[in-house]
Amino acid sequence: MSKASGPDGIPARILKECSHQIAPSICDLLNHSLRTGRLPSEWKSADVTPIHKKDLKEPVENYRPISLLPIISKVLERCVSRRFYDHIIHLITPSQHGFLRNRSCITQLVQVLHSVGQCLDKNLQSDIIYLDFAKAFDSVDHQILLRKLKSYGVTGRLLDWFRNYLSGRTQRVVVEGVPSSWVPVISGVPQGSILGPILFAVFINDLPEVISNGSPEAMYADDTKLFRNINSTTDGDCLQESLSNLDKWSHDNNIKFNALKCKVLSVTRKKYPVTYNYHLGSSSLLRVRK
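Residues numbered from 1 in each chain as written. Predicted model: local features only at pLDDT ≥ 70, side-chain atom pairs only at ≥ 80, totals over all residues. Heavy atoms only, no water.

Draft legend 1. Up close: the state of the cysteines. Applying the stated criterion to the full structure yields 0 disulfides. Summary of cysteine pairing: Cys-18 is not part of a disulfide, and the nearest cysteine sulfur, belonging to Cys-27, is at 17 Å. Of the cysteine sulfurs around Cys-105, a residue in no disulfide, the closest is that of Cys-262, at 20 Å. Owing to a relative accessible area of 42%, Cys-105 belongs among the partly exposed residues under this scheme. (Disulfide = S-S within 2.5 Å. Buried < 20%, exposed > 50% of the residue type's maximum accessible area, 1.4 Å probe, protein only.)

As structure tokens, then:
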């Protein structure tokens with residue numbers, strides 16, 4: 001009942017109180033959308049509200065944008081998401097722990113800690129590379145995403161529906177009730193949507209396929225850890241090769257790493273550990289201690 005309404009201004013309370021009366025009409029509307037592979041343009045508009053997250057209030061980068069979509073559009077997204085999830089879940093890499101049932105940041109952390117802990121017990125060094133994409137959710141290329149959906153068996157009217165769902169989107173910023181003008185959204189998965197997270201999981205799903213030499217990886221949404229036992233510089237070369245492959249994958253998929261936020265951590269009990277200078281493209285990665 002307290003969910004904020006989108007640009008259509010239809011509050012959740014009205015939808016809930018009148019649900020029995022309007023449900024048949026809404027059901028017909030949702031079914032028509034799926035049959036025709038089209039989404040009403042009003043459902044593809046979003047109000048963006050900036051929420052202060054840290055430090056000074058003047059710099060715009062210190063705000064987190066919260067996107068508000070029409071509530072009725074999310075009802076349709078929920079219906080599609082339930083069926084789509086059942087179709088796609090067995091194709092999602094086990095390395096992905098974000099947006100999936102029975103997986104979380106905790107399961108991802110436990111997996112990595114278990115592997116690193118086993119190495120420590122054997123007095124082996126582990127190098128962990130923490131990778132960060134620049135504006136990952138906003139940078140998803142729609143054409144590449146649609147090709148991946150098709151390769152995963154999404155065809156026909158449903159593929160047409162997803163194509164229409166991603167295209168023609170607009171957004172505006174609303175501050176203290178005053179809106180800006182509408183601007184088109186030409187890339188990215190819809191923020192604040194039901195389908196956005198699982199669509200991003202599909203987009204990034206083939207990332208582990210380019211990692212070579214058996215270097216393990218762990219993913220939570222766009223946050224990726226790449227790690228390996230390091231006994232010599234040869235092991236460092238292997239980890240660097242995987243890192244270079246990931247850099248190429250990012251260019252091929254039109255989504256870029258933020259090299260300034262990518263870090264290297266060596267976990268070891270050795271007095272003189274192996275120190276390898278990893279790089280992402282032309283940028284050397286910062287080595288941290290904790």
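Draft legend 2. Broad picture of helix α5 (residues 142-151). Among the residues of α5, His-142, Ile-144, Leu-145, Leu-146, Lys-148 and Leu-149 are the ones counted as buried. Along its buried surface, α5 packs onto α3 (71-88), α6 (156-166), β6 (183-185), α7 (196-203) and α8 (233-252). For α5, the N-terminal capping position is held by Asp-141, with its side-chain oxygen 3.0 Å away from the main-chain nitrogen of Gln-143. At the C-terminal side of α5, Gly-153 shows a positive phi close to 95°. (Helix = DSSP H or I, 4+ residues; strand = E, 2+ residues; numbered from the N terminus. Contact = heavy atoms within 4.5 Å. Polar contact = N/O pair within 3.5 Å; in protein donor to acceptor, adjacent residues only side chain to side chain.)

Draft legend 3. Representation of a positive patch on the surface. Residues Lys-53, Lys-54, Arg-64, Lys-135 and Lys-261 make up a contiguous surface patch of positive charge. Relative to the assigned elements, Arg-64 resides in strand β2 (residues 63-68). For Arg-64, a relative accessible area of 46% translates into the label partly exposed. (Patch = residues over 30% accessible without salt bridge, like charges linked within 9 Å, V, L, I, M, F, W, Y side chains within 5 Å. Areas by Shrake-Rupley, 256 points an atom, 1.4 Å probe, with all protein chains shown as cover. Salt bridge = Lys/Arg side-chain N within 4 Å of Asp/Glu carboxyl O. Lys, Arg positive; Asp, Glu negative; His and termini not counted. Charge placed at Lys NZ, Arg CZ, Asp CG, Glu CD.)

Draft legend 4. Main features of the pairing of strand β7 (residues 217-220). Bridge count for β7 against strand β8 (residues 223-230) is 4 bridges, and the pairing is antiparallel. Across the sheet, Met-219 pairs through a bridge with Thr-224, a residue of β8. With antiparallel pairing between neighbouring strands as the criterion, β7 and β8 make up a hairpin whose turn holds 2 residues, including Ala-221 at a positive phi of roughly 60°. (Pairing = 2+ DSSP bridges.)

Draft legend 5. Fine view of unusual backbone geometry. Notably, Asp-55 is not glycine yet its phi reads approximately 55°, a positive angle. Turning to its location among the elements, Asp-55 is positioned in the loop between β1 (45-52) and β2. Its identity as a non-glycine residue notwithstanding, Asn-102 has a phi of 65°, on the positive side. Summarising the element assignment, Asn-102 is placed in the loop between α3 and α4 (105-121).

Draft legend 6. Representation of the environment of Lys-53. As for its placement among the helices and strands, Lys-53 is situated in the loop between β1 and β2. Separated by 178 residues in the primary sequence, Lys-53 and Asn-231 place their C-alpha atoms 42 Å from one another. Beyond its immediate sequence surroundings of up to four residues, Lys-53 is in contact with Glu-61, Asn-62, Tyr-63 and Arg-64.

Draft legend 7. Spatial organisation of the packing of α5 against α7. In contact at an axis separation of 9 Å, α5 and α7 are set at 80° when each is read in the N-to-C sense. The angle between α5 and α7 falls in the class roughly perpendicular. The segment α5 lies against α7, with Ile-144, Leu-145, Lys-148 and Leu-149 engaging Leu-199, Val-202 and Phe-203. Partitioning the contact of α5 with α7 into residue classes produces 6 nonpolar, no polar and 1 charged. (Axes fitted to C-alpha atoms, helices over the stretch in contact; angles between N-to-C directions. Parallel < 35°, antiparallel > 145°, perpendicular 65-115°, else oblique. Nonpolar A, V, L, I, M, F, W, Y, C, P; charged D, E, K, R; others polar.)

Draft legend 8. Broad picture of the nonpolar core. Phe-84, Ile-129, Leu-145, Leu-149, Phe-162, Leu-199 and Tyr-278 are the most contacted members of the largest nonpolar core, which has 61 residues in total. For this core, the element with the highest residue contribution is α3, accounting for 7 residues. Split by domain, this core shows at least three residues from each of two domains, domain 1 (12-91 + 155-190) and domain 2 (105-135 + 204-288). Discounting residues that sit within four places of it in the chain, Phe-84 has contacts with Leu-149, Val-154, Phe-162, Ile-198, Leu-199 and Val-202. Ranked by size, the runner-up nonpolar core spans 7 residues in total, among them Ile-128, Phe-227, Leu-265 and Val-267. (Core = buried A, V, L, I, M, F, W, Y, C linked by side-chain atoms within 4.5 Å. Domains from an automatic or database assignment.)

Draft legend 9. Spotlight on the sheet that holds strand β3 (residues 125-131). With respect to topology, 5 strands assemble into an open sheet ordered β7-β8-β3-β9-β12, the strand pairing being mixed. Strand pairing shows two members of the sheet lacking a second neighbour, β7 and β12 (286-288), which therefore form its edges. Strand-to-strand twist across the sheet, computed as the mean angle between neighbouring axes with direction ignored, equals 25°. In terms of strand pairing, strand β9 (residues 263-267) meets β12 through 3 bridges, oriented parallel. Bridge pairing in β12 places Val-264 opposite Arg-287. Strands in contact with α4 are β3, β7, β8 and β9; relative to β7, the strand with the most contacts, it is inclined by about 160°. Each of β3 and β8 touches α8; the most contacted strand, β8, lies at about 160° to it.

Draft legend 10. Geometry of the pairing of β9. Pairing of β3 with β9 involves 5 bridges; the strand directions are antiparallel. If you follow Asp-127 over to β9, its bridge partner there is Ser-266.

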